[in-house]
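# Topology and contacts: notes
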Protein chains: 2
Amino acid sequence: MHRFSPAMDALIEALRCLPGVGPKSAQRMALHLLERNREGAATLSRSLADAVERVGRCQQCRNLAEAVLCGICADTRRDASLLCIVETPGDILAIEQAGGYRGRYFVLMGHLSPIDGIGPEEIGLPLLEALARDGEVQEVILATNPTVEGEATAYYITRMLEPLIPRMSRIAHGVPLGGELEYVDGSTLAHAFSGRQPVPGS
Amino acid sequence: MHRFSPAMDALIEALRCLPGVGPKSAQRMALHLLERNREGAATLSRSLADAVERVGRCQQCRNLAEAVLCGICADTRRDASLLCIVETPGDILAIEQAGGYRGRYFVLMGHLSPIDGIGPEEIGLPLLEALARDGEVQEVILATNPTVEGEATAYYITRMLEPLIPRMSRIAHGVPLGGELEYVDGSTLAHAFSGRQPVPGS
């Protein structure tokens, strides 16, 4: 049974490919667009087609890019001796917004997950190894997520790059700044204790 | 400053036309589509263009429709003597899903709101009046929302149609079934008391 009309039903169904959008939200979005924002809907349609056509992967770091190299790899002012390994392009954005990091990135586009058929090839490790063999990278910073899969991936990459890269580090995990100890989960707290750092001058 | 690349930034901006989608969700949606569901993105692009092109208004009831008449107006089994007036096509869906109503609808596509420049013309009241003058409609059920604007709109329509329609009614408002009195807001409760109905046989 059609709920509205064939084109509306198809639109509602298509909107459900967006993360976090269920049948109710999809219906609300479709009605909103067709009742009140047809221009926005047309623009969104064009932007989607455009992005699908133009956005590919950076050939050096696997970040989303519209050219052979992404903006960061193409930027000669970035420190090519420093390479930060992240799981997704969104992670790059978070690090760039935090500021302070001036090196380059390598995007895994996921993490090792043998159960889902995601092995070293799928997360681009041959490309990463080739990059490390180039000799330009002097330090690798592992910034995969502090999850079981992220940790396993970081461990695998450490073993793979150890013979090639002089310095390897993992970003620090612990109590977030501004967080209250009382509300921090147990494993984070345990991590904060085991990773405690000497107070300078003590 | 570009956050990702021009096409990505344009897509993130365009996604914000969806209701309830802020900058963070738009970014998450864009990354999800380009990293993991390009086919879904292409389908969504086509569905949007399709819907914008094909979906117009029913010439009789102003509901969203792909033909001159919407599915309900075109359905000769529906009772043409009964007309339910609602604010949006979403309201029709809710009533149809509840079942039981077999008449037709008239969709205002909003409510009277002089401050936003929405007067009787904008919510299609001339069309409604012409429909009422046809003589086929015997009862009008006012199902606008129980908000200040919805009530004012219902009142205005009542005054307009009174000379033409033998029976006019407003849907009942009160404590929702399954709701607990304790958690119902004061104005609903006051409405439930003032609109109390005699118990049959008492």
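Residues numbered from 1 in each chain as written. Chains lettered and ligands numbered in written order. Predicted model: local features only at pLDDT ≥ 70, side-chain atom pairs only at ≥ 80, totals over all residues. Heavy atoms only, no water.

## A closer look at the UniProt feature "zinc finger region: C4-type" (unreviewed entry) in chain A
This is how the line gets drawn: UniProt positions are given in the numbering used here, feature names are shortened, and annotations may be inferred rather than shown by experiment. The helix and strand labels rest on DSSP assignments: H or I over at least four residues marks a helix, E over at least two residues marks a strand, and numbering proceeds from the N terminus.
Taking the numbering used here, the UniProt-annotated feature "zinc finger region: C4-type" (unreviewed entry) corresponds to residues 58-73 of chain A. Within residues 58-73 of chain A, the helical portion is 19% and the strand portion 12%, while the C-alpha atoms at the span's ends are 8 Å from each other.

## A few points about the pattern of salt bridges
Residues and elements named next belong to chain A. What counts, and what does not: Criterion for a salt bridge: a side-chain nitrogen of Lys or Arg within 4 Å of a carboxyl oxygen of Asp or Glu.
Per the stated rule, a full pass over the model turns up 16 salt bridges over all chains. Across the salt bridge formed by Asp50 and Arg54, the nearest N and O atoms sit 3.4 Å from each other. Highlighted residues: Asp50 and Arg54, both in helix α3 (residues 38-54), separated by four residues, approximately one helical turn.

## Let's talk about helix α2 (residues 23-36) of chain A
Turn by turn, an α-helix covers 3.6 residues, leaving residues three or four places apart pointing in a common direction. In plain terms, the rule: Expected span of a helix: the number of residues minus one, times 1.5 Å. The classification of residues rests on relative accessible area computed with a 1.4 Å probe and restricted to protein chains. Under 20% of the type maximum is buried, over 50% is exposed, and intermediate values are partly exposed.
Relative to the 20 Å expected for 14 residues at 1.5 Å per residue, α2 of chain A spans 20 Å between its end C-alpha atoms, a close match to the ideal helical length. Ala26, Gln27, Met29, Ala30, Leu31, Leu33, Leu34 and Glu35 of chain A are the residues of α2 of chain A that are buried.

## A look at the packing of helix α6 (residues 125-133) of chain A against helix α7 (residues 148-161) of chain A
Residue and element names in this part refer to chain A. The test is simple: Axis geometry follows a simple rule: fit a line to the C-alpha atoms, using only the stretch in contact for helices, then measure angles between N-to-C directions, giving values from 0 to 180 degrees. For classification purposes, an angle smaller than 35 degrees is called roughly parallel, one larger than 145 roughly antiparallel, one from 65 to 115 roughly perpendicular, and anything else oblique. Crossing handedness follows the turn of the near helix against the far one: under a right angle anticlockwise gives a left-handed crossing, and clockwise gives a right-handed one. Two residues form a contact once any of their heavy atoms are found within 4.5 Å. Ten residue types, Ala, Val, Leu, Ile, Met, Phe, Trp, Tyr, Cys and Pro, are classed as nonpolar, four, Asp, Glu, Lys and Arg, as charged, and the remainder, Gly among them, as polar.
The N-to-C vectors of α6 and α7 enclose an angle of 40 degrees; their axes lie 11 Å apart at closest approach. When the interaxial angle is binned, α6 and α7 end up oblique. The handedness of the crossing between α6 and α7 comes out as right-handed. Together, Leu125, Leu128, Glu129 and Ala132 of α6 and Tyr156, Ile157, Met160 and Leu161 of α7 make up the contact between the two elements. Its residues assigned to classes, the contact of α6 with α7 shows seven nonpolar, no polar and one charged.

## Brief notes about the UniProt feature "domain: Toprim" (unreviewed entry) in chain A
Mapped onto the present numbering, the UniProt feature "domain: Toprim" (unreviewed entry) falls at residues 81-176 of chain A. When the span residues 81-176 of chain A is considered, its composition is 34% helix and 20% strand, and the gap between its end C-alpha atoms is 28 Å.

## Section: the sheet that holds strand β6 (residues 167-170) of chain B
Backbone-to-backbone hydrogen bonds pair the strands of a sheet. The strands run either parallel or antiparallel. All names here are of chain B. The condition that has to hold: Pairing between two strands is assigned when DSSP locates at least 2 bridges connecting them.
If you walk across this open sheet you meet the four strands as β4-β3-β5-β6, and the pairing is parallel. Every other strand in the sheet has two partners, leaving β4 (103-107) and β6 as the edge strands with one partner each. When strand polarity is set aside, the average angle formed by the axes of neighbouring strands in this sheet is 25 degrees. In the sheet, strand β5 (residues 139-142) pairs with β6 via four bridges, with the strands oriented parallel. From the neighbouring strand, Glu139 faces β6, where its bridge partner is Arg167.

## Thoughts on the relation of the copies chain A and chain B
In plain terms, the rule: A least-squares fit on C-alpha atoms brings the copies together, and the residues used are those whose pLDDT is at least 70 in both copies.
The two copies are related by a screw motion: chain A maps onto chain B through a turn of 180 degrees and a shift of 0.0 Å along the axis, at an RMSD of 0.1 Å. Given the turn and translation reported, the copies of this chain are related as if by a two-fold rotation axis. Every residue of chain A has its C-alpha some distance from the rotation axis, and the shortest such distance is that of Ser45 of chain A, at 2.1 Å. Here 100% of the interface residues in chain A have copies in chain B that are interface residues too; the copies meet face to matching face.

## Observations regarding the interface of chain A and chain B
One frequent convention defines the size of an interface as the accessible area lost when the parts assemble. This is how the line gets drawn: Computed with a 1.4 Å rolling probe, the buried area is the accessible surface lost when two parts are put together, summed over both parts. Distance and chemistry together define a polar contact, namely a pair of N or O atoms within 3.5 Å, with one atom able to donate a hydrogen and the other to accept it when in protein, and with adjacent residues in sequence counting only for side-chain atoms on both sides.
Across the contact, 46 residues belong to chain A and 46 residues belong to chain B. Sorting the residues of chain A by area buried against chain B places Pro19, Leu48 and Leu93 of chain A first, and these three jointly supply 14% of that buried surface. Applying the counting criterion to the chain A and chain B interface returns nine residue pairs in polar contact (both at pLDDT 80 or more). Sorting the residues of the side of chain A that touches chain B by element identifies α1 (6-15), α2, α3, β1 (56-57) and α5 (89-98) of chain A as the ones contributing at least two each. Per element, the largest residue contribution to the side of chain A that touches chain B is 13 residues, and it comes from α3 of chain A.

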